[in-house]
Amino acid sequence: QTGPFSATSLSAPAIFSMQGVNRSNYGAFYVNAAIGQIVPDGSGSVTGIIDDNQGSSNQAFTGSYTVDSGGRSTLVLEHGSGSADTHIAYFFNQNEAFLLRTSGTDVLFGRLRPQGAGPFSQASVIETFRTYTLAPTSEQTENDSGLTTFDGVGGMTSAAEVNIFGDHGSIDLDGTYSVAPNGRG
């Protein structure tokens, strides 16, 4: 960890991802995942977008944050519905932190990482990548591993091994993709 830290420790667009579980309905697991972009002003305010598997797609948010000299940060992100989520972050470098969402009924954890320079387009993604799911958050979580090839003009293919609930198999997919100037695909 390099410090000291301040509000300027979050000073450029960054991408975050989080995952976790919600134990409701007497122990049933619901796996939650979220990803998004956060754009700070370097003095305590942020804007951004978030996508999650709970029905929020490309949802805009605004918010505020504080960062103490040791790198601990509190982020409050307000969604268009009037609700707010509180996150704790521990910065370990400029625009890099570990995240924990502490509000709501589920606990999510993840990372905040710097975003490369944009603007982005389909041509920004042209290569074959290893694709895999993160470490499963529960025994009911799907676990995949494979290769995905993006052609740089909007076409993609993927071959993966899939394991869910103890069943496994191979899948081959063909599809299309698009990339917005902010990097959201």
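Residues numbered from 1 in each chain as written. Predicted model: local features only at pLDDT ≥ 70, side-chain atom pairs only at ≥ 80, totals over all residues. Heavy atoms only, no water.

Okay, the overall build of the protein chain next. Across its full length, the protein chain holds zero helices and 12 strands. A total of 185 residues make up the protein chain; the buried ones form 35% of that total. Here the contacts in the protein chain between residues at least 6 apart in sequence split such that 36% fall between residues at least 24 apart. Only carbon and sulfur atoms are counted for the fraction: they give 55% of the accessible area of the protein chain, which is about 10400 Å². (Helix = DSSP H or I, 4+ residues; strand = E, 2+ residues; numbered from the N terminus. Buried < 20%, exposed > 50% of the residue type's maximum accessible area, 1.4 Å probe, protein only. Contact = heavy atoms within 4.5 Å. Areas by Shrake-Rupley, 256 points an atom, 1.4 Å probe, with all protein chains shown as cover.)

What follows deals with the pattern of salt bridges. This model, assessed by the stated rule, comprises three salt bridges. One salt bridge connects Asp-51 with Arg-184, and the closest N-O pair in it is separated by 2.7 Å. One end of the pair, Asp-51, is in strand β3 (residues 45-52); the other, Arg-184, is in the segment after β12 (167-176), with 133 residues separating them in the sequence. (Salt bridge = Lys/Arg side-chain N within 4 Å of Asp/Glu carboxyl O.)

Enumeration according to the criterion identifies four aromatic pairs in this entry. Here the aromatic rings of Phe-92 and Phe-98 are separated by 5.0 Å at their centres, their planes lie at 35°, and the arrangement is tilted. On the basis of relative accessible area, Phe-92 is assigned to the partly exposed category, the value being 23%. Ring centres of Phe-129 and Phe-150 lie 6.0 Å apart, and the angle between their planes is 65°; on these two criteria the pair is classed as edge-to-face. Placement of the pair is Phe-129 in strand β9 (residues 126-132) and Phe-150 in strand β10 (residues 143-151), with a sequence separation of 21 residues. In textbook terms, an aromatic cluster arises when at least three aromatic residues are bridged by ring pairs, as seen for Phe-129, Phe-150 and Tyr-177. (Phe/Tyr/Trp six-rings, centres within 6.5 Å; stacked < 30°, edge-to-face > 60°.)

Attention now goes to the side chain of Ser-9. Within the secondary structure layout, Ser-9 lies in the segment before β1 (14-24). Excluding residues that lie within four positions of it along the chain, Ser-9 makes contacts with Phe-91, Asn-93, Gln-94 and Asn-95.

Moving on to a nonpolar patch on the surface. A cluster of nonpolar side chains, namely Leu-100, Val-107 and Phe-109, defines an oily patch on the protein surface of about 260 Å² accessible area. With respect to the helices and strands, Val-107 occurs in strand β8 (residues 107-114). Under the relative-accessibility criterion, Val-107 is labelled partly exposed at 48%. (Patch = residues over 30% accessible without salt bridge, like charges linked within 9 Å, V, L, I, M, F, W, Y side chains within 5 Å.)

Residue Ser-9 is classed as buried on the basis of its relative accessible area of 4%. C-alpha separation for the pair Ser-9 and Thr-66, spaced 57 residues apart in sequence, amounts to 10.0 Å.

Turning next to the pairing of strand β4 (residues 59-67). The pairing of β3 with β4 spans six bridges and is antiparallel. Residue Ser-45 lies in a different strand from β4, and its bridge partner there is Ser-64. Between β4 and strand β5 (residues 72-79), which follow one another and run antiparallel, lie four residues, and Gly-71 among them has a positive phi close to 100°. (Pairing = 2+ DSSP bridges.)

A cis amide bond links Gly-118 with the next residue in sequence, Pro-119, at an omega value of 0°. Its place among the elements puts Pro-119 in the loop between β8 and β9. Unlike most non-glycine residues, Asn-95 shows phi in positive territory, near 60°. Along the chain, the position of Asn-95 falls in the loop between β6 (84-93) and β7 (96-101).

We now examine the environment of Gly-48. Along the chain, the position of Gly-48 falls in strand β3. Taking the C-alpha atoms as reference points, Gly-48 and Ile-38, separated by 10 residues in sequence, lie 4.5 Å from one another. Beyond its immediate stretch of four places on either side in the chain, Gly-48 contacts Gln-37, Ile-38, Gln-59, Ala-60 and Phe-61.

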